[in-house]
Amino acid sequence: MDIKRYDPKTGLVVSGDGSVAPAGFDRSRLEFSAKMDLVAVGLAVLALAVIVVLTISYQLIFLTYSIVTIFIFLSYLMLWLDGAWRDDSPPPPKKWPDVTLIIPSFNSGHTIFDTVAACKRLKYPGKVSITVVDDGSTDGSCERLKKVEGILLMRKEKNEGKAAALNWGISRTATPIIGCVDSDTYPQEDALLKAIPYFDGPKVGSVVLFICVHQPKNWVQRMQEVEYWISFGFFFKTVASIGGLYVTPGPMALYSREMFENLGHFDEQNLTEDLEIALRMQRHGWSIKACHTSIAFTEVPATLGRLFRQRVRWFRGGIMNMLKYSDMLLNPKYGSFGLFVLPITLGSGFFSALFIFWTLLNYLRAAWDWALPWLYNPIAAGIPGITQPVHMGLYMYDSTLLFGMVGFLVWAYFVHKSFEMAKETPKLKHVVPVGLMLWFYPLFIGLTFLASYVMEFSGRKYKW
Amino acid sequence: MNPFAKAAILTVVVVFFAAILVAQVDAWRTQELRSSIDQVVLQSESNRLMQRMADLIPTQAQKCAFFNSSGELSKVRAYELATRIQDYQRANFFGSDYAELKQTYFISLSDLYLFTMEQNKECPQNRETPLLYFYREQNCPQCRAQDAVLERVAARCGRMRIFAFPTDANYPFLSALAGKMSIKDAPQLVVGETPMPAGLQDDGALVRALNADGASCQ
């Protein structure tokens, strides 16, 4: 079988012997000759943001952002009410295709065995092969995996990254459906049974599952749990209804072999190969479907530091791919995907980050203003609530907050629907994570995106 | 209809109704402020009317007894009202007649101050110590610290009333008053008719100055 290889430099699919790209994992270089100009533009935009926040009233900035957010949320709401809410599960296929699950593993001895066990528990009428591609592990997990029955273990001597490991596995399998599973992801028993029927057309390139957080243990993970329900649950289902999915989530997704043959394998020089392949599919008219009843649980970062590093990788990959596929942005040739989904999901990250930056500067200015008398003379200024009464009233709050309330109400509906999709009943324990999602998370993500923007355009090398 | 077109139309409708609600909240806010300012205006006008009526009373003692028996409208925490005007103006989205409200308030407050000074001369037994407080509305952390001191001291002092005026509000009558009191900088306080040194005055210094003027602070 002539497995085609995707050449990231030229963007062409070339025939090859199926071997992985020799370059190993490296950050894709932007081939734009005007890279320094991009850095200058980026810095100019940041400088403009600072000037704007210092000169234009925050009310106006907040109002503009609120109106844009209201439009985006109402768009999702219209898509949902127009039919995305329906559970149109396709009928089971006449013949269940064979599936190969490829699990790339690099020093994942603490989770890989649970992942393999979960894959072995999958209930599926067709044949399921499990291939673990060890990507040069040094923690002894490869030796231990040799003793596990029912899997095909491949070992790469040199660590070349997840995409290279997946490509290695893909080029050595022959089943029509290929599942890519992270080594810390645990699909539910009926995941394949529910997802495979969605490959019901000739150009269905991928079916994505509902990725949920596995057993959250602290507030950082609980916050991500709510985030995943909203993003991979509600938003994915809504966007999928217009064929607008822009990523095939890394933890687990199913692909058609035919798609790889036509479009090539994963881009090994891309930070987010799952995003890149999805955009490639969209460009070439392959559809990506979402099966929200097919669930896979995955481990998520347990600390803000790890979460920051993960999101920097995601956002830098997003910026990289946004530039690579910038011709699709606002291009009517790509329908709702080009006109709505891509600008909102990739472009809005930038503007949300700018808005968060403005908000942070505004908070800092207000905090500085509030603290200044105390810094000037703490005894005279007194301690609010102790030596100094606090005067607050309903009318002290900015009127434009009411516009934000509208967006909040629609968002609350999305959260409600997300809980429903995750088959969770909102309880007291969800109050704090949902509250954090509303107040803290946007600030955190906005700052992460800003950091990613600076790192990407300064050409900083990526570290896993 | 395309869902995005529907969303655009709905956005316009939602923003329109939200704007109506915001305008209503702004109006309620202005009304709340207006009723507080109206109390100051009412007190000023009542004092003037009483003064005219007192001209008909034959003896000084009877006049002072008349003024003392008139009762008093609630003592508005003058400096707090001035801060509230600023805060509400900032919180409002749709423009309102805050400039006019502010001017009405400061005119009435000036009138109250002058009335207090006249009454102190005519009826020393009813004397209230006026405390003039000149502050800057913008970029004055010392002024905000002075606000805090005034709030604490006001709670300790009986026969005292604070009249707070901004030095950067650009009203001719306030400029005249500041000029008469030789105000150099903000914050600056005038106890009775005696200016204190410019700059922040702490609780102790202020209480001593007020007691010296007969304010009976604890």
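Here the residue numbers are simple positions, counted from 1 along each chain's written sequence. Each chain takes a letter, starting from A, and each ligand takes a number, starting from 1, following the order in which they are written. Restriction of local features to residues with pLDDT of at least 70 applies here, the model being predicted, together with a cutoff of 80 or more for giving and counting side-chain atom pairs; totals for whole chains, interfaces and linings are based on all residues. In computing side-chain values, all of the structure's heavy atoms are included and hydrogens and water are not.

Draft legend 1. Region of interest: the overall build of chain A. Helix and strand counts for chain A stand at 14 helices and 10 strands. We call two residues in contact when some of their heavy atoms are within 4.5 Å. Contacts in chain A between residues far apart in sequence, at least 24 positions, make up 79% of those at least 6 positions apart. Residue exposure ignores everything except the shown protein chains as possible cover, and the areas themselves are Shrake-Rupley values with a 1.4 Å probe. Summed over all atoms, the accessible surface of chain A reaches about 21,000 Å², with 64% contributed by carbon and sulfur. Helix and strand assignments come from DSSP, with helices taken as H or I runs of at least 4 residues and strands as E runs of at least 2, each series counted from the N terminus.

Draft legend 2. Representation of the environment of Lys162(A). All names here are of chain A. Mapped onto the elements, Lys162 comes out in helix 5 (residues 162-170). Measuring from C-alpha to C-alpha, the distance between Lys162 and Thr272 comes to 9.8 Å, with 110 residues separating the pair along the chain. In contact with Lys162, other than residues within four places in its own chain, are Pro104, Asp135, Asp182, Gly250 and Glu273. Within the structure, the side chain of Lys162 is placed 3.3 Å from the backbone oxygen of Gly250, a separation counted as a polar contact. Side-chain atoms alone can form a polar contact between residues adjacent in sequence; in general such a contact is a pair of N or O atoms within 3.5 Å, and within protein one must be able to donate a hydrogen while the other accepts it.

Draft legend 3. Molecular detail of the confidence of the model for chain B. The predictor reports its confidence for every residue as pLDDT, a score running from 0 up to 100. Mean pLDDT over chain B works out to 83, with 93% of the residues at or above the 70 mark. Of all helices and strands in chain B, the one with the weakest mean pLDDT is helix 2 (residues 60-69) of chain B (70), whereas strand 3 (residues 188-191) of chain B scores best (93).

Draft legend 4. How the structure looks around unusual backbone geometry. In the segment running from Ala186(B) into Pro187(B), the intervening peptide bond is cis, with an omega of 5°. One non-glycine residue with positive phi stands out, namely Lys423(A), at about 55°. Looking at where Lys423(A) falls in the secondary structure, it is placed in the loop between helix 13 (401-421) and helix 14 (431-457). Unlike most non-glycine residues, Ser182(B) shows phi in positive territory, near 55°. As for its placement among the helices and strands, Ser182(B) is situated in the loop between helix 6 (172-180) and strand 3. A relative accessible area of 42% means that Ser182(B) is categorised as partly exposed. We call a residue buried when its accessible area falls under 20% of the maximum for its residue type, exposed when it is over 50%, and partly exposed in between, using a 1.4 Å probe and counting protein chains only.

Draft legend 5. Structural context of the environment of Val181(A). Residues and elements named next belong to chain A. In this fold, Val181 is placed in strand 6 (residues 177-181). Along the chain, Val181 and Pro251 lie 70 residues apart, while their C-alpha atoms are 5.6 Å from each other. Not counting chain neighbours up to four residues away, the residues in contact with Val181 comprise Leu101, Ile102, Ile103, Pro104, Thr115, Cys119, Pro251 and Met252.

Draft legend 6. Focus on the pairing of strand 9 (residues 252-256) of chain A. Residue and element names in this part refer to chain A. Most of strand 9 sits inside the fold, with five of its five residues counted as buried. Burial along strand 9 is two-sided: Met252, Leu254 and Ser256 and Ala253 and Tyr255, pointing in opposite directions, are all buried. One bridge is not enough; two strands pair if DSSP finds at least two bridges between them. Two elements, strand 6 and strand 9, share five bridges in a ladder whose sense is antiparallel. Residue pairing for strand 9: Ile178 is matched across the bridge by Tyr255. Two elements, strand 8 (residues 204-213) and strand 9, share three bridges in a ladder whose sense is antiparallel. Opposite Ser206, over in strand 9, you have Tyr255 as the bridge partner.

Draft legend 7. Fine view of the sheet that holds strand 2 (residues 160-166) of chain B. Residues and elements named next belong to chain B. The strand order across the open sheet built from four strands is 2-1-3-4, with neighbouring strands paired in mixed fashion. Strands with a single pairing partner mark the edges of an open sheet, and in this sheet they are strand 2 and strand 4 (194-195). Where helix 7 (residues 203-212) meets the sheet, it contacts strand 1 (129-135), strand 2 and strand 3, and its direction lies at approximately 25° from that of strand 3. Here an axis means a line fitted to C-alpha atoms, over the contact stretch when the element is a helix, while the angle between two N-to-C directions is reported on a 0 to 180 degree scale.

Draft legend 8. Quick look at the packing of aromatic side chains. Two rings belonging to Phe, Tyr or Trp (six-membered ring only in the last case) form a pair when the distance between their centres is within 6.5 Å. Interplanar angles under 30 degrees mark stacking, angles over 60 mark edge-to-face geometry, and anything in between is tilted. Summed over all chains, the structure comprises 31 aromatic pairs over all chains. Taking 5.2 Å as the distance between ring centres and 85° as the angle between the ring planes, the aromatic pair formed by Phe232(A) and Phe236(A) counts as edge-to-face. Taken as a pair, Phe232(A) and Phe236(A) lie in helix 7 (residues 219-240) at a separation of four residues, close to a single helical turn. Geometrically, the ring pair formed by Tyr171(B) and Phe173(B) is stacked, given 5.5 Å between the ring centres and 10° between the ring planes. Residue class for Tyr171(B) comes out buried when judged on its relative accessible area of 10%. Look at Phe173(B) and you get partly exposed, because its relative accessible area is 26%. Of the aromatic side chains, those joined through ring pairs into one cluster are Phe73(A), Tyr76(A), Trp80(A), Phe234(A), Phe235(A), Phe340(A), Phe414(A) and Phe4(B).

Draft legend 9. Just the side chain of Ser183(A), in detail. Residues and elements named next belong to chain A. Mapped onto the secondary structure, Ser183 falls in the loop between strand 6 and strand 7 (185-187). A polar contact of 3.3 Å, which involves the side chain of Ser183, links it to the side chain of Ser108. Residues in contact with Ser183, not counting those within four places in the same chain, are Ile103, Pro104, Ser105, Ser108, Thr111, Ile112 and Thr115.

Draft legend 10. Local environment of the pattern of salt bridges. Residue and element names in this part refer to chain B. The salt bridge definition used is simple: a Lys or Arg side-chain nitrogen within 4 Å of an Asp or Glu carboxyl oxygen. In this structure the tally under the stated criterion is 25 salt bridges over all chains. A salt bridge links Arg29 to Asp26; its shortest N-O distance comes to 3.0 Å. You can see Arg29 and its partner Asp26 sitting in helix 1 (residues 3-54), three residues apart, about one turn around the helix. The same class applies to Arg29 as to Asp26, namely buried. When the shortest N-O distance is used, the salt bridge between Arg152 and Asp203 registers 2.9 Å.

Draft legend 11. View of the interface of chain A and chain B. Facing 36 residues of chain A, the contacting portion of chain B comprises 35 residues. Each of two parts loses accessible area, computed with a 1.4 Å probe, when they are put together; buried area is these two losses added. With both chains or domains summed, chain A and chain B bury close to 3,100 Å², and 71% of this area falls on carbon and sulfur atoms. If you look at where chain A meets chain B, you find one salt bridge. Among the ionic pairs, Lys6(B) bridges to Asp82(A), the shortest N-O distance being 2.8 Å. If you look at where chain A meets chain B, you find four residue pairs in polar contact (both at pLDDT 80 or more).

Draft legend 12. View of the packing of helix 5 (residues 141-156) of chain B against helix 7 of chain B. Residue and element names in this part refer to chain B. Where helix 5 contacts helix 7, the axes come no closer than 10 Å and their chain directions differ by 45°. Viewed along their axes, helix 5 and helix 7 adopt a mutual orientation that is oblique. As helix 5 packs across helix 7, the resulting crossing turns out to be right-handed. Where helix 5 abuts helix 7, its residues Val149, Leu150, Arg152, Val153 and Arg156 lie against Asp203, Leu206, Val207 and Leu210. For this classification, under 35 degrees means roughly parallel, over 145 means roughly antiparallel, 65 to 115 means roughly perpendicular, and everything else is oblique. The hand of a helix crossing depends on one turn: near helix anticlockwise from the far one by less than a right angle means left-handed, and clockwise means right-handed.

Draft legend 13. Just the packing of helix 7 of chain A against helix 10 (residues 304-324) of chain A, in detail. All names here are of chain A. Taken N-terminus to C-terminus, the directions of helix 7 and helix 10 make an angle of 35°; their axes are 10 Å apart at the nearest point. The residues of helix 10 that touch helix 7, namely those facing Trp219, Val220, Met223, Gln224, Glu227 and Tyr228, are Leu304, Leu307, Gln310, Arg311 and Trp314. In this count, Pro and Cys sit with the nonpolar residues alongside Ala, Val, Leu, Ile, Met, Phe, Trp and Tyr, while Asp, Glu, Lys and Arg are called charged and the others, Gly among them, polar. Classifying every residue of the contact of helix 7 with helix 10 gives seven nonpolar, two polar and two charged.

Draft legend 14. Highlighting helix 7 of chain A. Residues and elements named next belong to chain A. In a helix, the anticipated span is given by 1.5 Å times the number of residues less one. Taking 1.5 Å of rise per residue, the 22 residues of helix 7 would be expected to cover 32 Å, and the 30 Å separating its terminal C-alpha atoms lies within 8% of that figure. Burial within helix 7 is extensive, with 18 of its 22 residues counted as buried. The N-cap residue of helix 7 is Asn218: its side-chain oxygen and the backbone nitrogen of Val220 are 3.2 Å apart.

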